[in-house]
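# Remarks on the overall topology
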Amino acid sequence: MHDDNKRIVRNTLFLYSRMIFSLVISFYNSRLILETLGVENYGTYNIVAGVIVMFGFLNASMSGATSRFLTFELGKGTKKSLFKTFNAALSIHFIIAGIILLLAETIGLWWLNNKIVINQDKLFAVQWVYQFSVFSAIISIIQVPFYAMILAHEKMNIYAFLDIINSLLKLGVTMLLIFVNFDKLILYSFLNLFIAVIVTISFIICCLRILKNYKYKLEWDKTIIYPMLNFSAWDLYGNVSVIANTQGINMLLNSFFGVFLNAAYGVANQVQGAITSFSSSFLSAVQPQIVKYFASGELNRMRNLMNNATKLAFILIFLLELPFILECNFILHIWLKEVPNYALIFTQLNLVSNIFYVVSAPMLFAIHATGKIKCFSYISGTIYLMVLPFSYVFFKLGYSPIIPYIINIIMTIIYYFSITIVLQYLLPQLSYKFISLKNLFLCLIVIFIGSIIQIYLHYLLTEGWIRLLLVCFLSMLLIPISGYFILFDKSMRVKIFNLIMNKLNFILKILKTNL
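Presented here is a report on the structure given in the accompanying data block.

Reading guide: rules and limits
Residues numbered from 1 in each chain as written. Predicted model: local features only at pLDDT ≥ 70, side-chain atom pairs only at ≥ 80, totals over all residues. Heavy atoms only, no water. Salt bridge = Lys/Arg side-chain N within 4 Å of Asp/Glu carboxyl O. Buried < 20%, exposed > 50% of the residue type's maximum accessible area, 1.4 Å probe, protein only. Helix = DSSP H or I, 4+ residues; strand = E, 2+ residues; numbered from the N terminus. Core = buried A, V, L, I, M, F, W, Y, C linked by side-chain atoms within 4.5 Å. Contact = heavy atoms within 4.5 Å. Expected span 1.5 Å × (residues − 1). Bend = angle between axes of the 7 residues up to and from the residue. Axes fitted to C-alpha atoms, helices over the stretch in contact; angles between N-to-C directions. Parallel < 35°, antiparallel > 145°, perpendicular 65-115°, else oblique. Left-handed = near helix turned anticlockwise from the far one by under 90°. Nonpolar A, V, L, I, M, F, W, Y, C, P; charged D, E, K, R; others polar. Phe/Tyr/Trp six-rings, centres within 6.5 Å; stacked < 30°, edge-to-face > 60°.

### Description of the pattern of salt bridges
Following the criterion strictly, the structure yields three salt bridges and no others. Taking the shortest distance from any N to any O, the salt bridge between Glu 298 and Arg 301 comes out at 2.9 Å. Glu 298 gets classed as partly exposed once you look at its relative accessible area, which sits at 29%. Notably, a salt bridge pairs Arg 467 with Glu 463, separated by 3.9 Å at the nearest N-O pair. Given the relative accessible area of 40%, Glu 463 is considered partly exposed.

Okay, structure coming up:
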């Protein structure tokens with residue numbers, strides 16, 4: 001138990017170091033991209049690349065199955081079956097890559113040429129962007145088993161290092177665009193493909209160094225492949241629904257309002273992804289342990305880890321989201337010289353719904369650990385899909401572009417209660433239903449206590465650096481303190497306190513030694 005906790009802390013530190021560096025690069029890179037490409041080109045790239053994402057449902061379902069089964073085999077400690085599982089996953093992903101290539105070059109091309117609303121002057125560039133995006137997607141699909149194996153072994157230092165390299169390469173690409181006269185949209189897409197190839201090769205090399213004496217064999221072991229396909233088949237509906245939700249909203253905005261709203265959509269998703277990375281870094285370190293605890297039958301440890309992970313993930317996400325929600329207008333204008341219309345409200349509403357997804361993540365990990373995802377996939381997938389028909393109807397009635405985001409908030413609340421019910425049904429011995437509802441209630445109390453002063457200052461003071469810094473400082477102070485006393489019981493508070501004091505004593509010893 002002590003070693004597991006140390007591993008989680010160590011991996012979290014690796015992921016946080018990666019995330020902070022990548023976050024700074026990503027925000028600066030996004031500003032340069034928007035300045036270099038312009039709002040119209042940026043929106044065009046988002047909508048064209050989104051067509052490829054729609055065909056990623058097969059890969060999304062199999063990547064979840066690959067991660068779950070590799071981690072499960074590691075939890076059982078059977079190296080021979082681990083190699084066989086990896087072979088099976090790799091073979092399946094080669095097949096998926098071929099299927100998505102076929103779909104992209106048939107249905108995808110038809111959709112691009114007949115359904116996407118774009119400037120006719122951009123047609124030549126759009127065709128090249130589309131083809132480069134197709135092959136980038138194919139490369140990313142082949143990378144999935146190697147990426148999953150690295151995470152299953154909890155080698156977060158490797159993942160963190162490669163992600164930093166990826167961020168630096170993307171920044172280099174953007175800076176290169178400033179100095180070239182060639183069509184920037186085409187060149188940007190080609191260089192993104194080049195980066196995808198480099199990163200995938202790096203993942204393959206690192207993974208093969210972990211798997212000593214591994215050799216790929218094209219084999220069809222029914223005892224391994226069929227359970228994986230069964231898992232991914234039931235997971236397929238949920239993943240199709242997620243992609244339909246994210247890219248469907250993008251397509252609806254394009255159909256009703258044009259590419260300039262797609263630029264705002266891209267900015268909102270960029271901010272959401274960056275902020276979510278803070279909590280997801282911690283959750284990525286926790287997920288393998290949840291699966292391994294289930295595989296070894298240690299359900300009490302699994303429940304305790306899920307409970308504490310939910311609370312910590314909430315503190316981490318809310319700590320960042322509150323200042324951004326309150327001061328979003330000022331931050332966006334600092335970050336971007338030209339802020340697309342609706343980017344502000346899209347970003348704020350996106351962050352609200354994001355809280356519910358983050359705090360439900362440990363329950364999702366537990367459901368995936370069981371391998372019984374049929375019921376959950378149907379329920380969660382339907383919740384995701386319902387955003388689209390409602391949004392379409394409201395758009396036809398002349399409502400504002402923000403309507404999908406409002407509907408999405410409602411659906412995320414329903415999603416949280418649904419995942420709680422499904423987990424209780426699958427693992428009644430965890431008795432997690434009461435814990436989940438209690439956690440939600442306590443989180444709402446922390447939201448109220450931890451934000452009331454910042455909200456008051458937001459309306460009291462004039463927008464600017466002083467207000468932003470005050471809101472950030474108070475959030476960093478009040479949210480962890482209120483979370484510490486409200487979310488955690490006495491025994492957990494003692495552990496957290498001792499951990500902090502040990503770290504402080506360690507730092508003081510180092511300082512005394514150097515002085």
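### With respect to unusual backbone geometry
Here Tyr 342, not a glycine, exhibits a phi torsion of approximately 75°, which is positive. Mapped onto the secondary structure, Tyr 342 falls in the loop between α10 (328-335) and α11 (343-370). The exposure class assigned to Tyr 342 is partly exposed, which follows from its relative accessible area of 36%.

### A word on the nonpolar core
Ile 290, Met 306, Phe 314, Ile 367, Leu 423 and Leu 487 are the most contacted members of the largest nonpolar core, which has 94 residues in total. For this core, the element with the highest residue contribution is α11, accounting for 14 residues. With sequence-adjacent residues up to four places away left out, Ile 290 is seen in contact with Met 302, Leu 305, Met 306, Pro 362, Phe 365 and Ala 366. Ranked by size, the runner-up nonpolar core spans 24 residues in total, among them Ile 33, Leu 82, Ile 195 and Leu 211.

### Some details on α11
Counted at 1.5 Å a residue, the expected span for α11 with its 28 residues is 40 Å, and the 39 Å between its end C-alpha atoms agrees. Ala 361 marks the point of greatest bend in α11, at about 45°, and the proline Pro 362 comes within the next four residues. Judged by how many residues are buried, α11 sits mostly within the fold: 23 of 28 residues are covered. A positive backbone phi angle near 80° is found at Gly 371, which sits one or two residues after α11.

### Observations regarding the packing of helix α15 (residues 432-460) against helix α16 (residues 465-487)
Interhelical geometry of α15 versus α16 gives an angle of 160° and a closest axis separation of 9 Å. Taken together, the axes of α15 and α16 are roughly antiparallel relative to one another. The two elements α15 and α16 cross, and the hand of that crossing is right-handed. Between α15 and α16, the residues in contact are Leu 442, Cys 443, Ile 445, Val 446, Ile 449, Gly 450, Ile 453, Gln 454, Leu 457 and His 458 and Arg 467, Leu 470, Val 471, Leu 474, Ser 475, Leu 478, Ile 479, Ser 482, Gly 483, Ile 486 and Leu 487, respectively. Tallied by class, the residues present in the contact of α15 with α16 amount to 14 nonpolar, six polar and one charged.

### Remarks on the packing of aromatic side chains
Scanning all chains against the criterion turns up 18 aromatic pairs. Ring geometry for Tyr 484 versus Phe 485: centroids 5.0 Å apart, planes at 90°, classification edge-to-face. Phe 485 gets classed as exposed once you look at its relative accessible area, which sits at 55%. One aromatic cluster in this structure is built from Phe 256, Phe 257, Tyr 392 and Phe 395.

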